[in-house]
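Listed below, chain by chain, are the residues.
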Amino acid sequence: QVQLVESGGGLVLAGGSLRLSCVASGRFSSYAMGWFRQAPGKEREFVAAIRWIGGETYYPESDELRFTISRDSAKNTVYLQMTNLKPADTAVYYCAASRLRSGRLTVSSEYDYWGQGTRVTVSS
């Protein structure tokens, strides 16, 4: 049974920071992990991805990089460090695992396993 368990969400003031964690367990193999988010009434949105081997990272195109993804392979854990948070970042954040060996990992269909999500609320 594959499990992805997110933690670290909560309520934060605009301009603050949070670090989300995702622990992967169970019998599975994946080549990459990603973070997505979904705000109320909106589609799920790609936030960041990272490959277990090599640590290559992927982010949406943006003028401002406020989020950083990292991994600790020994702990089967992926992190999302979020800084300078804005109310528009309010969403449920999901961790996902992909078995793809290639690709930019920016769409949800490239992922095979999903966590239950952790809620992030940014107040102004």
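For the structure itself, look to the data block above.
The structure reproduced in this document is the subject of the present report. Keep in mind that this is a model prediction, so the values were computed, not measured. Sequence order as written defines the numbering, with residues in each chain counted from 1. Given that the model is predicted, a residue must reach a pLDDT of at least 70 before its local features are reported, and side-chain atom pairs must reach 80 or more before they are shown or counted; all residues, however, enter totals for whole chains, interfaces and linings. The basis for every side-chain value is the complete set of non-hydrogen atoms in the structure, without hydrogens or water.

**Description of the overall build of the protein**
And step 1. Secondary structure follows DSSP: runs of H or I at least 4 residues long count as helices, runs of E at least 2 residues long count as strands, and numbering of each begins at the N terminus. Helices and strands together make up the secondary structure of the protein, namely zero helices and eleven strands.
And step 2. The order of helices and strands in the protein, counted from the N terminus, is β-β-β-β-β-β-β-β-β-β-β.
And step 3. Between the two quantities, the radius of gyration covers C-alpha atoms and the globule rule is 2.2 Å times the number of residues to the power 0.38. By the compact-globule yardstick of 14 Å for 124 residues, the protein fits well, its C-alpha radius of gyration being 14 Å.
And step 4. The dimensions of the protein, computed from C-alpha atoms along their principal axes, are 40 × 30 × 30 Å.

**Describing the sheet that holds strand β8 (residues 77-82)**
And step 1. Pairing between strands is defined by DSSP: at least two bridges between them are needed. Pairing is antiparallel across the open sheet formed by four strands, whose spatial order is β1-β3-β8-β7. Of all strands in the sheet, those bounded by a partner on one side alone are β1 (3-7) and β7 (67-72). Here the average twist between neighbouring strands, direction ignored, is 15°.
And step 2. Relative to strand β3 (residues 18-25), β1 runs antiparallel, the two being bridged by five bridges. Pairing of L4 across the sheet is with A24, part of β3. Axis definition: a line fitted to C-alpha atoms, over the contacting stretch in the case of helices. Angles run 0 to 180 degrees between N-to-C directions.

**Here's the deal with the nonpolar core**
And step 1. Residues belong to one nonpolar core when they are buried, are Ala, Val, Leu, Ile, Met, Phe, Trp, Tyr or Cys, and are joined through side-chain atoms within 4.5 Å. To sort residues, take the accessible area from a 1.4 Å probe on protein chains only and compare it with the maximum for the residue type: under 20% means buried, over 50% means exposed, and anything in between is partly exposed. M33, W35, L80, M82 and Y93 are the most contacted members of the largest nonpolar core, which totals 25 residues.
And step 2. Within the residue set of this core, elements represented by two or more residues are β3, β4 (32-38), β5 (45-51), β7, β8, β9 (91-98) and β11 (118-123).
And step 3. Working rule for contacts: check all heavy atoms of both residues, and any pair within 4.5 Å makes them a contact. Excluding its chain neighbours within four sequence positions, the residues that come into contact with M33 are L4, C22, A48, A49, I50, W52, I69, V78, C95, A96, A97 and Y111.

**Some points on the pattern of salt bridges**
Should the charged atoms of two oppositely charged side chains come close, the side chains can pair.
And step 1. For this document, the term salt bridge refers to a Lys or Arg side-chain nitrogen within 4 Å of an Asp or Glu carboxyl oxygen. In total, this model carries six salt bridges according to the counting rule given.
And step 2. Across the pair R66 and E64 runs a salt bridge, and its minimum N-O distance is 3.6 Å.
And step 3. A residue is classified by how much of its surface remains accessible, and E64, at 35% relative accessible area, is partly exposed.
And step 4. One salt-bridge network, in which partners are shared between bridges, spans R37, E45, E64, R66, K86 and D89.

**Section: the state of the cysteines**
And step 1. By disulfide we mean two sulfur atoms from cysteines, separated by a distance within 2.5 Å. Within this structure, the stated rule accounts for one disulfide.
And step 2. Each sulfur of the disulfide joining C22 and C95 lies 2.0 Å from the other. Every disulfide takes its handedness from the sign of the S-S torsion; for C22 and C95 that torsion is -75°, giving left-handed. A residue pair is termed long-range when its members are at least 10 positions apart, and C22 in strand β3 and C95 in strand β9 qualify at 73 residues.
And step 3. When its relative accessible area of 0% is taken as the criterion, C22 is described as buried.
And step 4. Look at C95 and you get buried, because its relative accessible area is 0%.

Read these as spatial facts, not as claims about activity.
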